[in-house]
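# Fold and geometry: a report
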Amino acid sequence: MSREVLIEHASMVFHPRAGRRGDGVVALQDVSLAVGEGRFTALIGPSGCGKSTLLRLVADILQPSAGRILVGGAPPGEARRAHAIGFVFQQATLLPWRSVLQNVALPLDVVGRGARRSGRSPEALLTLVGLEGFARALPHELSGGMQQRAAIARALVLQPEVLLLDEPFGALDEITRQRMNLELLRIWQESRTTALLVTHSIAEAVFMADEVAVMSARPGRITRLVPIGLERPRTLGMMRTAPFFEAVNQVRDALFGTEQEPLADPVEAY
């Protein structure tokens, strides 16, 4: 299975529950986006615009009311059954009674060890995310950033073709968040999955992505796709360069309008 994600004119309407009145809520309307194989794309937009809903459509957690979604040329359900999709949520959601290694290996315990493609073992993934010394630790013994590292390793254990990230570092302090951004980029460059990241941070979107898809308020639409021309590998020093400033202001203008004053320091966008 290839690694591209194709979203074509997708809409999502949440209808009221049985017995309740109302016309339903249009969360997404006519969304189209192509994420190329091995690319890193960020989704940014106002709260409630449907960013997380769009990720859940790609992951086959929800089904679109209209339009079509393909993951590697197949419907999301087929990609999910082939274990081609990894999902990292806003919270690490580690099982508190299982060790870090056991949490990382959980998908293998659920679907069977034979489901893992040739690739890194759970032990090797702990090394990849910098947790090789914490295999026997319980989740409560880890910091928030370390828990999210374990969640990323768990998402990669079946060697997915596509990695979906729903604000994985939103609850972390700024220093830890920037460190985790660097860690995630390092892991992504080694795994070469196709990545789709939801974030509320303009600076994070620009720093991480090859392109930033800007969404409107509900009903969510993609209003602009901003290409990011920064070289890889990314470094924190790039956040003080003119190309970074320019890209942040382009995303900011797409979100708030071109009449906004340019930021002198785009790190303020965190």
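This text follows the structure it describes.
Notes on the structure follow. (Residues numbered from 1 in each chain as written. Predicted model: local features only at pLDDT ≥ 70, side-chain atom pairs only at ≥ 80, totals over all residues. Heavy atoms only, no water.)

### A few points about the overall build of the protein chain
A tally of regular secondary structure across the protein chain gives nine helices and nine strands. For 270 residues, the compact-globule formula gives about 18 Å, and the C-alpha radius of gyration of the protein chain, at 19 Å, lands near that figure. Structurally, the protein chain occupies a C-alpha span of about 55 × 50 × 35 Å along its principal axes. Total accessible area on the protein chain is roughly 12400 Å²; 51% of this is exposed by carbon and sulfur atoms. Across the protein chain, the centroid of the 29 positively charged side chains sits 7 Å from that of the 28 negatively charged ones. (Helix = DSSP H or I, 4+ residues; strand = E, 2+ residues; numbered from the N terminus. Rg over C-alpha atoms; globule rule 2.2 N^0.38 Å. Areas by Shrake-Rupley, 256 points an atom, 1.4 Å probe, with all protein chains shown as cover. Lys, Arg positive; Asp, Glu negative; His and termini not counted. Charge placed at Lys NZ, Arg CZ, Asp CG, Glu CD.)

### Here's the deal with the sheet that holds strand 4 (residues 66-71)
Pairing in this open sheet of three strands is antiparallel, and the strands run 2-1-4 from one edge to the other. Pairing within the sheet leaves two strands with one partner each, and these edge strands are strand 2 (25-35) and strand 4. Here the average twist between neighbouring strands, direction ignored, is 20°. As paired elements, strand 1 (residues 5-14) and strand 2 share seven bridges and run antiparallel to each other. Opposite Phe-14, over in strand 2, you have Val-25 as the bridge partner. Sheet strands touched by helix 1 (residues 51-58): strand 1, strand 2 and strand 4. Its angle to strand 1, the strand with the most contacts, is close to 120°. (Pairing = 2+ DSSP bridges. Axes fitted to C-alpha atoms, helices over the stretch in contact; angles between N-to-C directions. Contact = heavy atoms within 4.5 Å.)

### A word on the packing of aromatic side chains
One pass over the structure, following the stated rule, counts two aromatic pairs. For the pair Phe-87 and Phe-89, a centre-to-centre distance of 4.2 Å together with 20° between the ring planes defines the contact as stacked. Across the ring face of Trp-188, the terminal group of Arg-192 is positioned such that the distance to the ring centre comes to 4.7 Å. (Phe/Tyr/Trp six-rings, centres within 6.5 Å; stacked < 30°, edge-to-face > 60°. Lys NZ or Arg CZ within 6 Å of the ring centre and 35° of its normal.)

### With respect to the sheet that holds strand 7 (residues 194-198)
Spatially, 5-6-7-3-8-9 is the arrangement adopted by the six strands of the open sheet, whose pairing is mixed. Edge positions in the sheet fall to strand 5 (85-88) and strand 9 (222-227), since each has one partner strand and no second. Across the sheet, the axes of successive neighbouring strands diverge by a mean angle of 15°, strand direction being ignored. As paired strands, strand 8 (residues 211-215) and strand 9 are joined by five bridges and run antiparallel to one another. Of the residues in strand 9, the one forming a bridge with Val-214 is Arg-224.

### Describing the pattern of salt bridges
Opposite charge on two side chains lets them pair, provided their charged atoms get close. Tallying each qualifying case throughout the model produces 11 salt bridges. Put simply, Glu-161 and Arg-3 hold a salt bridge, and the shortest N to O gap is 2.7 Å. Taken as a pair, Glu-161 in the loop between helix 6 (144-156) and strand 6 (162-166) and Arg-3 in the segment before strand 1 lie far apart in primary sequence, 158 residues in all. In this structure Arg-3 comes out as buried when scored by relative accessible area, which is 19%. (Salt bridge = Lys/Arg side-chain N within 4 Å of Asp/Glu carboxyl O. Buried < 20%, exposed > 50% of the residue type's maximum accessible area, 1.4 Å probe, protein only.)

### A closer look at the side chain of Thr-193
Its place among the elements puts Thr-193 in the loop between helix 7 (174-191) and strand 7. Among the residues examined, Thr-193 registers a relative accessible area of 2% and is labelled buried. With residues near it in sequence (within four places) discarded, Thr-193 still touches Arg-3, Gly-38, Arg-39, Leu-156, Pro-160, Glu-161, Leu-163 and Trp-188.

### Section: the side chain of Asp-60
Checked against the element boundaries, Asp-60 lands in the loop between helix 1 and strand 4. Relative accessible area serves as the criterion here: at 17%, Asp-60 is assigned to the buried category. Setting aside residues no more than four positions away along its own chain, Asp-60 makes contact with Pro-76, Gly-77 and Arg-80.

### Things to note about the environment of Val-212
Relative to the helices and strands, Val-212 is located in strand 8. Separated by 15 residues in sequence, Val-212 and Pro-227 have C-alpha atoms that sit 6.5 Å apart. Once residues within four sequence positions are removed from consideration, Val-212 is found in contact with Ala-42, Ile-44, Ala-205, Val-206, Arg-224, Leu-225, Val-226, Ile-228 and Val-251.

### Comments concerning unusual backbone geometry
For residues other than glycine, phi is negative in most cases, and the peptide bonds are mostly trans. The omega torsion of the bond from Arg-218 to Pro-219 falls at 0°, within 30 degrees of zero and hence cis. Along the chain, the position of Pro-219 falls in the loop between strand 8 and strand 9. Residues Arg-232 and Pro-233 are joined by a peptide bond in cis, for which omega reads 5°. Along the chain, the position of Pro-233 falls in the loop between strand 9 and helix 9 (242-256). Here the phi dihedral of Asp-60 falls at roughly 70°; this positive angle occurs in a residue that is not glycine. A positive phi angle, near 50°, is found at Thr-93, a position not held by glycine. As for its position among the elements, Thr-93 is in the loop between strand 5 and helix 3 (100-104).

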